[in-house]
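# Architecture and fold: a report
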Amino acid sequence: MGKLIDGKALALQKVEQVRRSVEALQTDDITPGLAVILVGNDPASAIYVRNKTRACAQAGIANLQHDLPATTSEAALLQLVATLNADPQVHGILVQQPLPAHINAQRVLEAIAPEKDADGFHPTNMGRLALGLPGPRPCTPLGVMQMLAHIGYDPAGREAVVLGRSAIVGKPMGLMLLAAHATVTWCHSRTADLPSHVRRADLLVAAIGKPHFVHADWVKPGAVVIDVGINRTPEGRIVGDVEPAVAGFASHCSPVPGGVGPMTIAMLLQNTVWLAAQSARRNEPK
């Protein structure tokens, strides 16, 4: 039986580390501020935002919540983003996805100042990730890297397979693993003979959004398996992309729920504090 990676416990440790970093910044009269914009009343988004709000309070980060009706125009949302970009009390901005259909999500994302991009999704910051330059990193892949470090797993020289190529998880996950000297294979909906690719993996990261898509007999014995999927079954249960039986083959695996999800929020807080520290350095007298 593989060892479960307790993302919830690790996230609590990371939030405590963030809290200590916040206290250090407050000695210089800097309180990191995170502005979270929620448009509409999507139930899952509301839960995510509530969890982020709670985590901000635990870490001592100022939570600047903006709840907007679903009828909010794109122009009004862009104006709010511009106002937050100019507010020195705001160090990180997050616009909760998904947005209503009448709003161009990419346009809103690109309107966020790169130096306030708490999610790490701005094209500038994605480019910095690809080039190996400093910047805020997408929270879920960053959380996965922290989980690997926690179990003492070094990706260098390992065969890493990433299932999924989204800009939120799959692409940045592969880039982070590549930067850690893994040999990376991205797989997706058009990959031929997917099981054969997965069986080569020393490290598998599944992020495709299909419940129990990865079968136990696809997984190499002793592999590390990180399940990023969060899927709701018709019965209302939350399950991952990987069959539970994979735990019998893997050396380590992350559970769903209680694995990557809590780490994503912890990394959002870490990004916000990092952005606040960078802002303070830019504003130091020359």
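Our subject is the structure that appears above.
Presented here is a report on the structure given in the accompanying data block. (Residues numbered from 1 in each chain as written. Predicted model: local features only at pLDDT ≥ 70, side-chain atom pairs only at ≥ 80, totals over all residues. Heavy atoms only, no water.)

A few words now on the overall build of the protein chain. For the protein chain, the helix and strand inventory stands at nine helices and 11 strands. Computed over the C-alpha atoms, the radius of gyration of the protein chain is 19 Å, within 12% of the 19 Å expected from 2.2 N^0.38 for a compact globule of 286 residues. Considering only C-alpha atoms, the protein chain reaches an extent of 55 × 45 × 30 Å along its principal axes. Residue pairs at least 24 apart in sequence account for 72% of intrachain contacts in the protein chain once pairs closer than 6 positions are excluded. Roughly 13,400 Å² of accessible area belongs to the protein chain as shown, and the carbon and sulfur atoms make up 56% of that amount. Of the charged side chains in the protein chain, 25 are positive and 23 negative, and the gap between their average positions amounts to 2 Å. (Helix = DSSP H or I, 4+ residues; strand = E, 2+ residues; numbered from the N terminus. Rg over C-alpha atoms; globule rule 2.2 N^0.38 Å. Contact = heavy atoms within 4.5 Å. Areas by Shrake-Rupley, 256 points an atom, 1.4 Å probe, with all protein chains shown as cover. Lys, Arg positive; Asp, Glu negative; His and termini not counted. Charge placed at Lys NZ, Arg CZ, Asp CG, Glu CD.)

The next subject is the packing of aromatic side chains. All told, the structure shown has one aromatic pair when counted by the stated rule. Relative to W218, the ring of F213 has its centre 5.6 Å away and its plane inclined at 90 degrees; by these criteria the two rings are edge-to-face. Given the relative accessible area of 27%, F213 is considered partly exposed. (Phe/Tyr/Trp six-rings, centres within 6.5 Å; stacked < 30°, edge-to-face > 60°. Buried < 20%, exposed > 50% of the residue type's maximum accessible area, 1.4 Å probe, protein only.)

Attention now goes to the sheet that holds strand 8 (residues 224–227). Spatially, the six strands line up as an open sheet ordered 1-11-8-7-5-6, and their pairing is parallel. Where the open sheet ends on each side, the last strands, each with one partner, are strand 1 (3–4) and strand 6 (183–187). Taken together, the five bridges between strand 5 (residues 159–163) and strand 6 define a ladder with parallel strand orientation. The residue of strand 6 that forms the bridge with E159 is T183. Packed on one face of the sheet, helix 7 (residues 170–179) meets strand 5, strand 6 and strand 7 (203–206) and runs near 170 degrees to strand 6. (Pairing = 2+ DSSP bridges. Axes fitted to C-alpha atoms, helices over the stretch in contact; angles between N-to-C directions.)

Here the residue pair Q97 and P98 is connected by a cis peptide bond, since its omega of 0 degrees sits within 30 degrees of zero. Along the chain, V256 connects to P257 via a cis peptide bond; the corresponding omega equals -5 degrees. Along the chain, P257 turns up in the loop between strand 11 (252–253) and helix 9 (260–282). Unlike most non-glycine residues, D29 shows phi in positive territory, near 60 degrees. Along the polypeptide, D29 turns up in the loop between helix 1 (7–26) and strand 2 (33–39). In this structure, H181 is a non-glycine residue whose phi angle is positive, near 75 degrees.

Our focus in this paragraph is the side chain of D241. Turning to its location among the elements, D241 is positioned in the loop between strand 10 (238–239) and strand 11. This buried residue, D241, is left without a salt bridge; K210 holds the nearest opposite charge, at 9.4 Å. In this structure the side chain of D241 is engaged in a polar contact, spanning 2.8 Å, whose partner is the backbone nitrogen of I208. Not counting chain neighbours up to four residues away, the residues in contact with D241 comprise A206, A207, I208, G209, K210, P211, H212, F213, V214, D227, G229 and N231. (Salt bridge = Lys/Arg side-chain N within 4 Å of Asp/Glu carboxyl O. Polar contact = N/O pair within 3.5 Å; in protein donor to acceptor, adjacent residues only side chain to side chain.)

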